[in-house]
Amino acid sequence: MLGGILKKETCAACRFCCSFRRTSLWEAPVFTYENMLVLKDDPFFDGSDLTVYLEDYTYAKYDLSDKYKTDDPNEEVPCPYLGEKGCTLSEREKPWDCKIWPLRVMNKDGEIVVALTPTCPSINRLDFETVKEFVDTNLKKDIIEYANNHPYLIKEYRSDYPII
Ligand code: SF4
Ligand code: SF4
């Protein structure tokens, strides 16, 4: 979604947001029911890997918590869909969480806000006002609308996430 300001090649070389430390497991992508409907026809998809089902299969997440091999808090476990050249999912299969990254929709004291993750090295090198203007003009309305229709995608607000 942020292709206008974040190049695909930059992400392909980085891939930071497709691996998770224990403390960032809350960031692991949520698969919507629509994602799962598309994925079930993928020959490489094994639904049994989606180990955390919530709200009667309305959405699901991979439980990566038992994949760590050490006690090192910096150890990262990759998303099962991370391949050599980046994400192996098609645009239709890819979770919305990943499509909007490094943006997040968050609940701040009852208000639904769009925020910028502080950990994406590339987007945070850009001028914040430039990012804000791009998101305000091109994305914000649709993002908020989608999140309101899929409220389980909304994360709790974290104070280090600048609001756009
Ligand atoms: S952290 Fe940022 S630059 Fe790196 S892959 Fe994710 S969105 Fe792209
Ligand atoms: S689904 Fe794709 S984009 Fe999302 S975390 Fe996994 S590998 Fe990365």
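Residues numbered from 1 in each chain as written. Chains lettered and ligands numbered in written order. Predicted model: local features only at pLDDT ≥ 70, side-chain atom pairs only at ≥ 80, totals over all residues. Heavy atoms only, no water.

**Quick notes on the side chain of Asn 35**
Okay, step 1: By the element assignment, Asn 35 lies in helix α2 (residues 33–39).
Okay, step 2: At 2.9 Å, the side chain of Asn 35 and the backbone nitrogen of Thr 32 are in polar contact. (Helix = DSSP H or I, 4+ residues; strand = E, 2+ residues; numbered from the N terminus. Polar contact = N/O pair within 3.5 Å; in protein donor to acceptor, adjacent residues only side chain to side chain.)

**Looking at the packing of aromatic side chains**
Okay, step 1: One pass over the structure, following the stated rule, counts 6 aromatic pairs.
Okay, step 2: Residues Phe 31 and Tyr 62 carry aromatic rings whose centres are separated by 5.7 Å and whose planes lie at 80° to one another, so their mutual orientation is edge-to-face. Of this pair, Phe 31 sits in strand β2 (residues 30–32) while Tyr 62 is found in the loop between β4 (59–61) and β5 (77–78), placing the two residues 31 residues apart along the sequence.
Okay, step 3: Judged by relative accessible area, Phe 31 falls into the buried class, the value being 1%.
Okay, step 4: Residue classification places Tyr 62 among the buried residues on the basis of a relative accessible area of 10%. (Phe/Tyr/Trp six-rings, centres within 6.5 Å; stacked < 30°, edge-to-face > 60°. Buried < 20%, exposed > 50% of the residue type's maximum accessible area, 1.4 Å probe, protein only.)

**Here's the deal with the environment of Pro 80**
Okay, step 1: Relative to the helices and strands, Pro 80 is located in the loop between β5 and β6 (82–83).
Okay, step 2: Along the sequence, Pro 80 and Tyr 62 sit 18 residues apart, while their C-alpha atoms lie 8.3 Å from each other.
Okay, step 3: The residues touching Pro 80, leaving out its near neighbours within four places in the chain, are Tyr 62 and Leu 64. (Contact = heavy atoms within 4.5 Å.)

**Things to note about empty space enclosed by the protein**
Okay, step 1: For the structure shown, the criterion picks out 1 cavity of 30 Å³ or more.
Okay, step 2: Empty space within the largest cavity amounts to approximately 40 Å³.
Okay, step 3: Along the walls of the largest cavity sit Phe 20, Ala 28, Pro 29, Phe 31, Tyr 62, Leu 64, Cys 79 and Pro 80, which together make up its complete lining.
Okay, step 4: Partitioned by chemical class, the residues of the lining of the largest cavity number 8 nonpolar, no polar and no charged. (1 Å grid on protein atoms, 1.4 Å probe; cavity = no way out; pocket = protein on both sides within 12 Å on 5 of 7 lines; lining within 4 Å. Points joined across faces, edges and corners; volume = space filled by probe spheres on them. Nonpolar A, V, L, I, M, F, W, Y, C, P; charged D, E, K, R; others polar.)

**Observations concerning the site of ligand 2**
Okay, step 1: For ligand 2, the full set of nearby residues is Cys 18, Pro 29, Cys 79, Tyr 81, Leu 82, Cys 87, Leu 89, Pro 95 and Cys 98.
Okay, step 2: More than half of the atoms of ligand 2 fall within 2 Å of the grid points belonging to the largest pocket.
Okay, step 3: For the shell around ligand 2, the class distribution of residues is 9 nonpolar, no polar and no charged. (Near = heavy atom within 4 Å. Sits in = over half its atoms within 2 Å of the grid points.)

**Side note on the nonpolar core**
Okay, step 1: Counting 23 residues, the largest nonpolar core has Trp 96, Leu 103, Val 105, Ile 123, Val 135, Leu 139 and Ile 143 as its most contacted members.
Okay, step 2: Elements that contribute at least two residues to this core include exactly α3 (96–100), β8 (103–108), β9 (111–116), α4 (128–138) and α5 (140–149).
Okay, step 3: When sequence neighbours within four positions are dropped, the list of residues in contact with Trp 96 reads Met 1, Asn 35, Val 105, Ile 143, Tyr 146, Ala 147 and Leu 153.
Okay, step 4: Counting residues in each nonpolar core, the second largest holds 13 residues, with Phe 20, Leu 64, Tyr 68 and Tyr 81 among its members. (Core = buried A, V, L, I, M, F, W, Y, C linked by side-chain atoms within 4.5 Å.)

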